[in-house]
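Commentary on secondary and tertiary structure
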Amino acid sequence: MLLALGIALGWFFAFPLKSSFDINKIMLEAVILAAASITYPFILRLERNILIRGWELLLCSLLLGLLEEFTQEPWFWDTFVEGALRILGLILIAFGFYRTQRLSRAQPQKNQTTENPNHHPVQYDTLTGLPNHTMLRNRLEQAMGATRQLALLFLDLDRLKEINDSFGHEAGDRELTRVAKVLQDCLEPTDTALRIGGDEFAIIQTPALGVDKVTLLAQRLLDAIARPHKILGHEIHNSASIGITLFPSDGNKAEQLLKNADIAMYHAKHEGQNNYQLYTPAINARAHPRMALARDLQSAFESGNLYLQFQPQLSLATGRTSSFEALLRWRHPQHGMLARQTFIRLAEETGLIIPIGAWALETACQTCMGWRQLRAGPLRVAVNLSPRQFRQPDLAGSIATILEKTGLAPSALEVEVTEGLLLEDMDSAFNTLQSLSTLGVHVSVDDFGTGHASLSYLKNLPFDSIKIDHSFIHGIPADSESRTITKAVIALGHSLNLKVVAEGVETLEQLLYLQKHGCDLVQGYFISKPLDIPEAQRWWEEKGEKASS
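These notes cover the structure that comes with them. Quantities reported herein were computed from a predicted structural model and do not represent experimental measurements.

1. Digging into the pattern of salt bridges
Tallying each qualifying case throughout the model produces eleven salt bridges. Among the ionic pairs, glutamate 416 bridges to lysine 467, the shortest N-O distance being 3.0 Å. Of this pair, glutamate 416 sits in strand 12 (residues 413–418) while lysine 467 sits in strand 14 (residues 465–468); the two residues are 51 residues apart in sequence, bridging distant segments of the chain. Given a relative accessible area of 2%, glutamate 416 falls into the buried group. On the accessibility criterion, lysine 467 (1% relative accessible area) is buried. Salt bridges linked by common partners bring Glu325, Glu416, Lys467 and Glu503 together as one network.

What follows is the structure, given as structure tokens:
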């Protein structure tokens, strides 16, 4: 329809009017010209081949009209107005042809970019549109050559894996595009943002006018990323860790600056995340051993070199074992058996704690299920949850999936959370604990007595047991304060209908004191050291509680 109208317009304007001045015909020409101007943008949106063929026909009609005119009689314009309208019509046709040719040249390039994934995305991230890691060194070296000073920032998202695990990879992708937009909104036109890895970004600030300007940018980025927002109907809380290095004060080679920024970013994660750190030689000296250990930890997890041990918990009422605590272990090939606190904190900093924690939970549940099938009895396994695990948005859902996969009853699983963790965000902690309680999982407060908050949370949060910290047990029976605190905690727990567990029991005197004052369960080297799975299984078969008849 539009094509036919365009041909008619071209023919109309191409043929001069042979009659005298006719106001009606001039008005008709004006109306047709107005209609052509209005429909022109829509004509341009037609498929490319139709556009090209249409404008070719228009030009042909124009040439035919002019040829017929010149062959019949001398060419003249009837009036100035009519001549102006004709000129406008010709301009419209010529301009449309010019635009069509531009579209025809641009369209193959656009199609090539879309159809060939190896064309544009080689240097640009397909998700965010930012330059990718292949352009980082080149952009950095260009900036170093064009300015006297600059800042390089490495930014790593702290909770992207949690978002992926809890809400799916579509939510994770949307979070990445959001962060890319945050970066672009916060940066100056002379700055450059790049996505250099899964959840890592780089910013080249040029020029960097001292530490104050770059730290102001870093804080602006942290604040913008940390703002709560919704993705796919879920409220998202994310944060970032930023490492900063300056050129030329920290180095005059691109390789050195890249290394410095990475070390500073790692230090920011070590300092608790959601912060920025400037590179210093002191950070460099401390970071190297921990970075190497972090790489070793990831390799150990991926190769299956982490393992669980199980420490029996003895019931003082029956003298039999009714539960085990699962403890994560790592024997490093060079450093030997590493302290649990050392590599657990390292796993927290690097984000490895989420997959490692999920593996530990599943392995503990699977092991417990196997033992319950071997011998009937009220067996339960306790697993520690790290702060980062506990803050997962759908922790109860993740645990429910593991229980369903392993076949273990929810009542046979106990999760332990530290007292300090509960105080960080009481509302969020209550929701998570309530979800676990509804699921049927038992919840225990670990290291009880070491926090500094009111005991009122014991009344308000759905716990099943409390665990007296070993530092108090260690002072029994010599230290009067340790005896008083331990006795008071046992009485407090029982008054709230909670089971009380004492850890770190190493002597007979400690055991007798706890038994005298009604402690329910004890664990420690006096009872048994942590056992490998085969040893723990034999322990359960020989010393486990029997099923009640």
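2. Some points on the packing of helix 12 (residues 353–374) against helix 21 (residues 533–543)
Where helix 12 meets helix 21, the axes come as close as 10 Å, and the angle between the chain directions of the two elements is 35°. Where helix 12 crosses over helix 21, the two elements pack in a sense that is right-handed. Residues Thr367, Trp371 and Leu374 of helix 12 form the contact with helix 21, whose participating residues are Ile533, Ala536, Gln537, Trp540 and Glu541.

3. Concerning the layout of surface pockets
By volume, the largest pocket amounts to about 1400 Å³. As for the largest pocket, its lining consists of 48 residues, and the residues nearest its centre are Arg340, Gln341, Ile344, Asn384 and Asp446. Counting residues per element, the lining of the largest pocket draws most heavily on helix 11 (residues 340–350), which supplies six residues. In the lining of the largest pocket, the residues fall into 16 nonpolar, 16 polar and 16 charged.

4. Quick word on a nonpolar patch on the surface
A grouping of Leu508, Leu512 and Phe526 is seen on the molecular surface, where their side chains present a nonpolar patch of about 260 Å² in accessible area. Residue placement: leucine 512 occurs in helix 20 (residues 508–516).

5. A short note on the environment of lysine 161
Positionally, lysine 161 belongs in helix 6 (residues 160–167). Taking the C-alpha atoms as reference points, lysine 161 and leucine 352, 191 residues apart in sequence, are found 9.4 Å from one another. Those residues in contact with lysine 161 that sit more than four places away from it in its chain are Gly351 and Pro355.

6. Digging into the packing of helix 6 against helix 7 (residues 169–186)
Relative to each other, helix 6 and helix 7 sit at 145°, their axes nearing to 6 Å. Within the contact between the two elements, helix 6 uses Leu160, Ile163, Asn164 and Phe167 and helix 7 uses His169, Ala171, Gly172, Glu175 and Leu176. Taken together, the residues of the contact of helix 6 with helix 7 break down into five nonpolar, three polar and one charged.

7. Describing helix 14 (residues 395–406)
Here helix 14 contains twelve residues, and its C-alpha end-to-end distance of 17 Å stays within 8% of the 16 Å for a straight helix at 1.5 Å per residue. By the burial criterion, the buried members of helix 14 are Leu395, Ala396, Ile399, Ile402, Leu403 and Thr406. The arc that holds the buried residues of helix 14, viewed along the axis, is 125°, so those residues lie on one side. Counted as exposed and oriented over 90 degrees from the buried face of helix 14: Thr401, Glu404 and Lys405. Glycine 407 sits one or two residues past helix 14 and shows a positive phi near 85°.

8. Description of the pairing of strand 1 (residues 150–157)
Successive side chains on a regular strand alternate, one facing one side of the sheet and the next facing the other. Where burial is concerned, most of strand 1 is hidden: eight out of the eight residues are buried. On strand 1, burial covers both faces: Leu150, Leu152, Phe154 and Asp156 on one face and Ala151, Leu153, Leu155 and Leu157 on the other are all buried. In this sheet, strand 6 (residues 240–247) lies alongside strand 1 in antiparallel orientation, the contact comprising eight bridges. Within strand 6, the position partnered with alanine 151 by the bridge is leucine 246.

9. Observations regarding unusual backbone geometry
Following phenylalanine 247, the chain continues into proline 248 via a peptide bond in cis, with omega recorded as 10°. Along the chain, the position of proline 248 falls in the loop between strand 6 and helix 9 (254–270). Here the residue pair isoleucine 476 and proline 477 is connected by a cis peptide bond, since its omega of 0° sits within 30 degrees of zero. By the element assignment, proline 477 lies in the loop between helix 18 (470–474) and helix 19 (480–495). The phi angle at asparagine 274 is positive, at roughly 50°, despite the residue not being glycine. Along the chain, asparagine 274 turns up in the loop between helix 9 and strand 7 (275–278).

10. Notes on the sheet that holds strand 7
Here five strands make up an open sheet; going across it, the order is 2-3-1-6-7 and the pairing mixed. What marks the edges here is a single partner per strand, and that holds for strand 2 (192–195) and strand 7. The mean inter-strand angle of the sheet, taken between neighbouring strand axes irrespective of direction, is 20°. In this sheet, strand 7 lies alongside strand 6 in parallel orientation, the contact comprising four bridges. Bridge pairing links isoleucine 242 to tyrosine 276 in strand 7.

Conventions we followed
Residues numbered from 1 in each chain as written. Predicted model: local features only at pLDDT ≥ 70, side-chain atom pairs only at ≥ 80, totals over all residues. Heavy atoms only, no water. Salt bridge = Lys/Arg side-chain N within 4 Å of Asp/Glu carboxyl O. Helix = DSSP H or I, 4+ residues; strand = E, 2+ residues; numbered from the N terminus. Buried < 20%, exposed > 50% of the residue type's maximum accessible area, 1.4 Å probe, protein only. Axes fitted to C-alpha atoms, helices over the stretch in contact; angles between N-to-C directions. Left-handed = near helix turned anticlockwise from the far one by under 90°. Contact = heavy atoms within 4.5 Å. 1 Å grid on protein atoms, 1.4 Å probe; cavity = no way out; pocket = protein on both sides within 12 Å on 5 of 7 lines; lining within 4 Å. Points joined across faces, edges and corners; volume = space filled by probe spheres on them. Nonpolar A, V, L, I, M, F, W, Y, C, P; charged D, E, K, R; others polar. Patch = residues over 30% accessible without salt bridge, like charges linked within 9 Å, V, L, I, M, F, W, Y side chains within 5 Å. Areas by Shrake-Rupley, 256 points an atom, 1.4 Å probe, with all protein chains shown as cover. Expected span 1.5 Å × (residues − 1). Arc of directions from axis to C-beta. Pairing = 2+ DSSP bridges.

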